[in-house]
Amino acid sequence: MLDVQFAQLTDPGLIRPHNEDALGHVAPRTPDEARTHGWLFALADGVGGQDRGEVASRVAIETLLSGFHKITPSEPLTAAIPRLVQAANSHVFETAMATGPAGSSMATTVVACALRYDRAVVSHVGDSRCYLVRQGYAVPLTRDHTVSNEQLRMGLVSSREARASQTSHVLSRALGNDMFISVETSEHQVFADDVLVLCSDGLHHSVSATDLVQLTYQADLDQTLEDLVTLAKQRDGSDNISVQIIRVRS
């Protein structure tokens, strides 16, 4: 059975007047639940510059957490997690419509990571990321859903052009913009000493993969979180900063 260690932290940053990020997790209460359901970790970043981003992110996380409690042991996580993200999208969209014209622009990114047995299933929409830190390397398990990244994927621009583009922060998809959303999902085997890092763009835009490797191997996860957020604020701090760290102990 998996044995994991977990910690999370969110910070408004240095400029934003409030925090539009939301975090949540579900941990099994018994060894039997660990086998039948596993763990869920989720992070959402309300889209900046749009109305009530903090509501969109909170609704998305609450939908994921409540839905995870209800999945059946027979449903594969590769089916359950994207289904829950679709449900979160519907709830954000419906919440936006219910609040009238101002609420119709509510949107949020989301990244969710579920662990069961020796597998991690990652689903995401937007540019919040999940990294796998293993044996001295940090590899992103997600692909940013931004306009410039889509152009890069299609071969329309180079990597350097994509990074320098004015559309590097413009999302190509987010929860709440439409009734239906394309959810990207992947499955990965995990091993003892692996570390999974979920983070909003307030962290990964200023903290590199090398930084993640150096800091996530500290024994104290709470100190790691503090160091990562402090580093992000020193280098930028213009956005909300959120991060979750999951260490596979055995």
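Refer to the structure above for everything that follows.
## As for the environment of Ser186
- Along the chain, the position of Ser186 falls in strand β8 (residues 184-189).
- Put simply, Ser186 and Thr78 are 108 residues apart on the chain and 7.5 Å apart in space, counted from C-alpha to C-alpha.
- The residues touching Ser186, leaving out its near neighbours within four places in the chain, are Ala120, Val121, Val122 and Leu141.
- A distance of 2.7 Å separates polar atoms of two side chains, one belonging to Ser186 and the other to His188.

## Brief notes about the packing of helix α2 (residues 53-70) against helix α3 (residues 77-98)
- α3 packs onto α2 with a crossing angle of 140° between their chain directions and a minimal axis gap of 8 Å. The angle between the axes of α2 and α3 places the two elements in the oblique class. Here the hand of the crossing between α2 and α3 comes out right-handed. Residues Val55, Ala56, Val59, Ala60, Thr63, Leu64, Gly67 and Phe68 of α2 pack against Leu77, Ile81, Leu84, Val85, Ala87, Ala88, His91, Val92 and Thr95 of α3.
- Considered class by class, the residues forming the contact of α2 with α3 number 13 nonpolar, 4 polar and no charged.

## A look at the pairing of strand β9 (residues 195-199)
- Within β9, 5 of the 5 residues are buried, which leaves the element mostly enclosed by the surrounding structure.
- Burial along β9 is two-sided: the face carrying Val195, Val197 and Cys199 and the face carrying Leu196 and Leu198 are both buried.
- Relative to β9, strand β6 (residues 129-134) runs antiparallel, the two being bridged by 5 bridges. In the strand pairing of β9, Leu132 is matched with Leu196.
- Taken together, the 5 bridges between β9 and strand β10 (residues 241-248) define a ladder with antiparallel strand orientation. Counted as the bridge partner of Leu198 is Gln244 from β10.

## Description of the side chain of Thr142
- Here Thr142 shows up in the loop between β7 (137-140) and α4 (147-153).
- Judged by relative accessible area, which is 11%, Thr142 ranks as buried.
- In this structure the side chain of Thr142 is engaged in a polar contact, spanning 3.1 Å, whose partner is the backbone nitrogen of Cys130.
- Residue contacts for Thr142: discarding those within four places in its chain leaves Val111, Val122, His124, Ser128, Arg129 and Cys130.

Rules of the game
Here the residue numbers are simple positions, counted from 1 along each chain's written sequence. A pLDDT threshold of at least 70 governs which residues receive local features in this predicted model, and a stricter bar of 80 or more applies before side-chain atom pairs are shown or counted, although totals over entire chains, interfaces and linings include all residues. Heavy atoms throughout the structure, all of them, feed into the side-chain values; hydrogens and water do not. Secondary structure is summarised from DSSP: a helix means a run of H or I of at least four residues, a strand means a run of E of at least two, and numbering begins at the N terminus for each. We call two residues in contact whenever any of their non-hydrogen atoms come within 4.5 Å of each other. Side-chain atoms alone can form a polar contact between residues adjacent in sequence; in general such a contact is a pair of N or O atoms within 3.5 Å, and within protein one must be able to donate a hydrogen while the other accepts it. To define axes, lines are fitted to C-alpha atoms, for helices over the stretch in contact only, and angles between the resulting N-to-C directions are given on a 0 to 180 degree scale. Reported orientations rely on four angle classes, namely roughly parallel under 35 degrees, roughly antiparallel over 145, roughly perpendicular from 65 to 115, and oblique for the rest. Handedness of a helix crossing follows the sense of rotation of the near helix relative to the far helix, less than a right angle counterclockwise being left-handed and clockwise being right-handed. Under this grouping Gly is polar, as are all residues other than the nonpolar Ala, Val, Leu, Ile, Met, Phe, Trp, Tyr, Cys and Pro and the charged Asp, Glu, Lys and Arg. When accessible area is computed with a 1.4 Å probe and restricted to protein chains, residues below 20% of their type maximum are described as buried, those above 50% as exposed, and intermediate ones as partly exposed. Pairing between two strands is assigned when DSSP locates at least 2 bridges connecting them.

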